Amino acid sequence: MRLRMFVLVTAVLGTVLVPATAAQAAAPAVQITKVYYNSPGSDNRSNTSLNAEYVVLKNTTRGKLNLSGWTLRDKSNHVYKFTGTFYLGAGKSVTIHTGKGRNSATHRYWGSRAYIWNNTGDAAYVRNKAGRSVDSCSWRSKGSYTYC
C-alpha cells in the first residue's frame, strides 16, 4: 500500500488538500537550518570572530542519530568531520563553529584559524558516513547569515 502525503493549501476561495511534493513529504534526517557566514565586526581572525561564523544542523527524525563519520563542507572542500561517537538527539540541534573551543553536545568546533564560509556566496553540504549527500544550503549575495 502506498501512503500519500497531502499539504493543506488555503486560497482565496477556501481550503483544499493537494498532494505533497517529495521535498514537503520527506525532510532530510539532518538539516542545515542556519549558516552565519559573516561574523559580526571586522574579520580579524580572532578566535571570537571565527567562532561567530557557524552552521546549525538539526536532527529532524524521531530518534537519536550517531553522526560519527559525517561531514560538513563548503564549496572549496574545507571539511569538518564528526569524530568519535557523537549522538544528536531527536529534534535537537548542534552548532559547528569555525574556530577553536571545547566540544559539547550542542557546540562543536572546527579548529580552523581562518574563515571557512565566503561572505559573497558559498554552499554548505552535509554528507553521511557513506559519503552520500544529506542536505545542502547555498547563498549568493552579501549579508551575514541565511536560514535554510
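See the structure above.
Predicted model, so just to flag it, every value in this text is computed and none were measured. (Residues numbered from 1 in each chain as written. Predicted model: local features only at pLDDT ≥ 70, side-chain atom pairs only at ≥ 80, totals over all residues. Heavy atoms only, no water.)

Asker: Residue-level account of the environment of T83, with values.
Answerer: Residue position: T83 is located in the loop between β7 (79-81) and β8 (87-88). For the pair formed by T83 and W70, sequence separation is 13 residues and the distance between their alpha carbons is 8.2 Å. (Helix = DSSP H or I, 4+ residues; strand = E, 2+ residues; numbered from the N terminus.)

Asker: So what's going on with the side chain of D74? Residues and values would help.
Answerer: Examined against the element boundaries, D74 turns out to sit in strand β6 (residues 71-74). Of the side chains with opposite charge, R73 comes closest to the buried, unpaired D74, at an N-O distance of 7.7 Å. At 3.2 Å, the side chain of D74 forms a polar contact with the backbone nitrogen of S76. A polar atom in the side chain of D74 sits 3.0 Å from the backbone nitrogen of N77. In this structure D74 touches I116, W117, D122, A123 and Y125, once residues within four positions along its chain are discounted. (Buried < 20%, exposed > 50% of the residue type's maximum accessible area, 1.4 Å probe, protein only. Lys, Arg positive; Asp, Glu negative; His and termini not counted. Salt bridge = Lys/Arg side-chain N within 4 Å of Asp/Glu carboxyl O. Polar contact = N/O pair within 3.5 Å; in protein donor to acceptor, adjacent residues only side chain to side chain. Contact = heavy atoms within 4.5 Å.)

Asker: Tell me about the pairing of strand β4 (residues 54-59), and name the residues and values.
Answerer: Every regular strand shows the same layout, with side chains that alternate between the two sheet faces. The buried fraction of β4 amounts to 5 of the 6 residues, a majority that puts the element mostly inside the structure. In this structure, strand β3 (residues 30-36) lies alongside β4, joined through 6 bridges in antiparallel fashion. Bridging across to β4, I32 finds its partner in L57. (Pairing = 2+ DSSP bridges.)

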